[in-house]
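One letter stands for each residue in the lines below.
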Amino acid sequence: MSTPTRFFRITLLRSAIGLPTRSTGVLKALGLHRRLRTVYHPVTPDVAGQVFAVKELVDVQEVDRALSDKEMKELRQPDTGFYVERRAGAKQGETVEEA
């Protein structure tokens, strides 16, 4: 019986400028080249050790599945900040679906 695969969602929060080459090498090995970049890696002791080496620079969450690029883009889209109660010229009792 295999267990479901879990993933680390790793986001680079702080820049590695001025840090030792070892830290920047770990970030490159994880695939983090720019700030606020998010990558997914399976939960393994190797990846956990790499994350531990740069724990001050990254944000890590354990998730059930890796999101696609399209799903990540949808998550970054902000809410519109408004909603339509009724259309202009609609009667007081009408809702948007009725109009």
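Below, the structure is looked at part by part. What you see as residue numbers is a count from 1 along each chain, following the sequence as written. With the structure being a predicted model, the display of local features is reserved for residues of pLDDT at least 70 and the display and counting of side-chain atom pairs for 80 or more, all residues being used for whole-chain, interface and lining totals. For side-chain calculations, the full set of non-hydrogen atoms in the structure is used, while hydrogens and water are omitted.

**Focus on the packing of helix α1 (residues 21-30) against helix α2 (residues 45-53)**
Note on method: axes are straight lines fitted to C-alpha atoms, helices fitted across the in-contact stretch only, with angles between N-to-C directions ranging 0 to 180 degrees. Runs of E in the DSSP output that reach at least two residues are strands. Runs of H or I that reach at least four are helices, and both are numbered from the N terminus. Closest axis-to-axis distance for the α1/α2 pair is 9 Å, and the angle between their directions is 140°. By the angle between their directions, the pair α1 and α2 is classed as oblique. Seen from above, α1 lies across α2 with left-handed handedness. Here V26, A29 and L30 of α1 come into contact with α2, specifically with V47, Q50 and A53. Ten residues, namely Ala, Val, Leu, Ile, Met, Phe, Trp, Tyr, Cys and Pro, are considered nonpolar, four, namely Asp, Glu, Lys and Arg, are considered charged, and the remaining ones, Gly among them, are considered polar. Partitioned by chemical class, the residues of the contact of α1 with α2 number five nonpolar, one polar and no charged. By definition in this entry, angles of less than 35 degrees are roughly parallel, angles greater than 145 are roughly antiparallel, angles of 65 to 115 are roughly perpendicular, and the rest are oblique. We call a crossing left-handed when the near helix sits turned anticlockwise from the far one by less than a right angle, and right-handed when that turn is clockwise. Contacts are assigned to residue pairs with any non-hydrogen atoms lying within 4.5 Å of each other.

**Examining the pairing of strand β1 (residues 7-12)**
As paired elements, β1 and strand β2 (residues 38-42) share five bridges and run antiparallel to each other. Bridge pairing in β2 links R9 to Y40. Sheet analysis places β1 next to strand β3 (residues 58-63), joined by six bridges and oriented antiparallel. Residue pairing across strands places F7 opposite V63, the latter belonging to β3. Two strands qualify as a pair provided DSSP detects at least 2 bridges between them.

**Concerning α1**
Accessibility here uses a 1.4 Å probe with only protein chains present; expressed as a share of the type maximum, an area under 20% marks a residue as buried, one over 50% as exposed, and anything in between as partly exposed. Every buried residue of α1 is listed here: S23, V26, L27 and L30. Down the axis of α1, the smallest arc covering the buried residues is 100°, so these residues share one side. The exposed set on the far side of α1, more than 90 degrees from its buried face, consists of T21, R22 and K28. Of the surrounding secondary structure, the elements contacted by the buried residues of α1 are β1, β2, α2 and β3. With its phi angle positive at about 90°, G31 sits one or two positions after the end of α1. Along the arc lie the directions from the helix axis toward the C-beta atoms.

**Quick notes on the environment of V26**
By the element assignment, V26 lies in helix α1. As a C-alpha pair, V26 and V47 span 21 residues in sequence and 10.0 Å in three-dimensional space. Setting aside anything within four residues of it in sequence, one finds V26 in contact with Q50, A53 and V54.

**Some points on the sheet that holds β1**
The antiparallel open sheet is built from three strands, whose spatial order is β2-β1-β3. This sheet does not close on itself; its edge strands, each paired only once, are β2 and β3. The sheet shows a mean angle of 25° between the axes of neighbouring strands, taken without regard to direction.

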